Amino acid sequence: MSSIAAVGESYQKFNPRAYLQNNYMPPRADFTSEDCVVPWKLRCLAEAFATGEIHGHTLIDIGSGPTIYQLLSACDHFEEIIATDYLEVNREVLRQWVQDKMDVFDWSPYIKHVCKIEGRGEQWKEKEQKLREKLRQILPIDVHQPNPVGSPLRQLADAMVSTFCLEAVSPDRLSFERALKNVTSLLKPGGHFLLIGALEESFYLAGEAKLSVVPVSEADVKEALTKSGYKIHDFRSYIMPPSLKIGVDDVNGVFFVHAQKQPVV
Ligand SMILES: C[S@@+](CC[C@H](N)C(=O)[O-])C[C@H]1O[C@@H](n2cnc3c(N)ncnc32)[C@H](O)[C@@H]1O
Ligand SMILES: O=S(=O)(c1ccc2c(c1)CN[C@@H](CF)C2)N1CCSCC1
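Residues numbered from 1 in each chain as written. Chains lettered and ligands numbered in written order. Predicted model: local features only at pLDDT ≥ 70, side-chain atom pairs only at ≥ 80, totals over all residues. Heavy atoms only, no water.

Where an unreviewed UniProt entry is consulted, the chain appears under the name Phenylethanolamine N-methyltransferase, with the organism given as Alligator sinensis. The record in UniProt for the chain states the following under Pathway (unreviewed entry): "Catecholamine biosynthesis; (R)-adrenaline biosynthesis; (R)-adrenaline from (R)-noradrenaline: step 1/1." In UniProt, the chain has this text filed under Sequence similarities (unreviewed entry): "Belongs to the class I-like SAM-binding methyltransferase superfamily. NNMT/PNMT/TEMT family." (UniProt positions renumbered as here; feature names shortened; annotations may be inferred.)

## Side note on the site of ligand 2
Of all residues adjacent to ligand 2, which total 16 residues, the nearest are Asn-23, Arg-28, Val-37, Lys-41 and Glu-201. For ligand 2, an oxygen atom lies 2.7 Å from a polar atom in the side chain of Lys-41. One of the side-chain nitrogen or oxygen atoms of Glu-201 is found 2.7 Å away from a nitrogen atom of ligand 2. Among the detected pockets, ligand 2 sits in the largest pocket. Those elements that provide at least two residues to the shell around ligand 2 are α2 (16-24) and α3 (37-50). (Near = heavy atom within 4 Å. Polar contact = N/O pair within 3.5 Å; in protein donor to acceptor, adjacent residues only side chain to side chain. 1 Å grid on protein atoms, 1.4 Å probe; cavity = no way out; pocket = protein on both sides within 12 Å on 5 of 7 lines; lining within 4 Å. Sits in = over half its atoms within 2 Å of the grid points. Helix = DSSP H or I, 4+ residues; strand = E, 2+ residues; numbered from the N terminus.)

## Overview of the site of ligand 1
Near ligand 1 lie 21 residues; those nearest to it are Tyr-19, Tyr-24, Tyr-69, Asp-85 and Thr-163. Separating an oxygen atom of ligand 1 from a side-chain N or O atom of Tyr-24 is a distance of 2.7 Å. Contact between ligand 1 and Thr-163: an oxygen atom at 2.7 Å from a side-chain N or O atom of the residue. Look at ligand 1: alone it shows 600 Å² of surface, and the protein chains cover 98% of it. According to the grid-proximity analysis, the pocket containing ligand 1 is the largest pocket. When grouped by side-chain class, the residues that make up the shell around ligand 1 number 12 nonpolar, seven polar and two charged. (Areas by Shrake-Rupley, 256 points an atom, 1.4 Å probe, with all protein chains shown as cover. Nonpolar A, V, L, I, M, F, W, Y, C, P; charged D, E, K, R; others polar.)

## Notes on the pattern of salt bridges
Scanning the model with the defined rule gives 22 salt bridges in all. Where Lys-127 meets Asp-76, a salt bridge forms, and the shortest distance between an N and an O atom there is 3.0 Å. On the criterion of sequence distance, the pair formed by Lys-127 in helix α6 (residues 124-134) and Asp-76 in the loop between β1 (56-62) and β2 (78-85) is long-range, its members being 51 residues apart. Owing to a relative accessible area of 0%, Lys-127 belongs among the buried residues under this scheme. Of the charged contacts, one joins Asp-100 and Arg-132 as a salt bridge, the two residues approaching to 3.3 Å between their closest N and O atoms. Of this pair, Asp-100 sits in the loop between α4 (88-98) and α5 (108-118) while Arg-132 sits in helix α6, placing them 32 residues apart in sequence. Using a relative accessible area of 48% as the deciding quantity, one classes Asp-100 as partly exposed. Judged by its relative accessible area of 8%, Arg-132 is buried. Each of Asp-76, Glu-118, Arg-120, Glu-122, Lys-127 and Lys-130 takes part in one network of salt bridges that share partners. (Salt bridge = Lys/Arg side-chain N within 4 Å of Asp/Glu carboxyl O. Buried < 20%, exposed > 50% of the residue type's maximum accessible area, 1.4 Å probe, protein only.)

## A closer look at unusual backbone geometry
With phi around 55°, Phe-164 is a residue other than glycine that occupies positive phi space. Tracing the sequence through the fold places Phe-164 in the loop between β4 (157-163) and α7 (173-184). Positive phi, normally seen in glycine, also occurs at Glu-200, with a value near 50°. Structurally, Glu-200 can be placed in the loop between β5 (187-199) and β6 (203-206).

Structure, rendered in structure tokens:
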């Protein structure tokens, strides 16, 4: 079995509920200080969209998983948002949230925080409904395929987001670079890419699943983006405090990148 096939096999045990519990609920999800990692992540995304540089018809999210926080600041700037994931269990979690079904994860602390930091007085239920309306497609994806979503998109995405996916599904640095090149084919030239990921992480837990992560440094991420034809506009890192190292992973930090796909001359 190839190392990429082995990664796919390991994800068959991925438990969305456990993943959300481990990463997006207290004590790890702490909003009490702007210095906490979740407010930091949400601020990076809000500030990028607040520049007004990132807008268009379609935004695609690569490896959405069971989460929607990464789309909260995007939904004011695009007509249509496409979520993607490798696992049907995650795509179903997203469908349930879009349809406002019972027993879905409560993202309201995240939505309220984003409305607060965006400072436009938007009511959190308005933003929640707006995202539900714009999240129009939830597609299967495999970033290790040259055509990650199967057939090419009807039109290339105007912008792309991806959070904690590429490094978490790549067995090594070369696969990480190739996956980045593959997903870049979904983005139009000149399109903006907001990438968030784990620094120097080697594993994480999601219920019975123990997933391998390729440890990447800031330099590795910058090199991969440059090789895929991006200009880096902003690169920030967050060092994980010891208090947030609770055994569900060995993440050492989080990076945020705002990059732009350069037109091929
Ligand atoms: C660590 S989770 C990230 C989830 C979410 N984006 C977040 O910010 O928490 C990684 C995600 O990548 C998905 N995945 C696994 N293999 C993949 C592949 N080959 N291509 C695309 N996504 C994949 C998993 O199903 C999982 O939802
Ligand atoms: O937002 S995080 O930085 C975060 C959020 C998600 C993940 C990680 C970290 C690290 N492991 C990733 C596996 F790919 C998933 N965060 C970690 C600290 S507490 C709140 C959640």
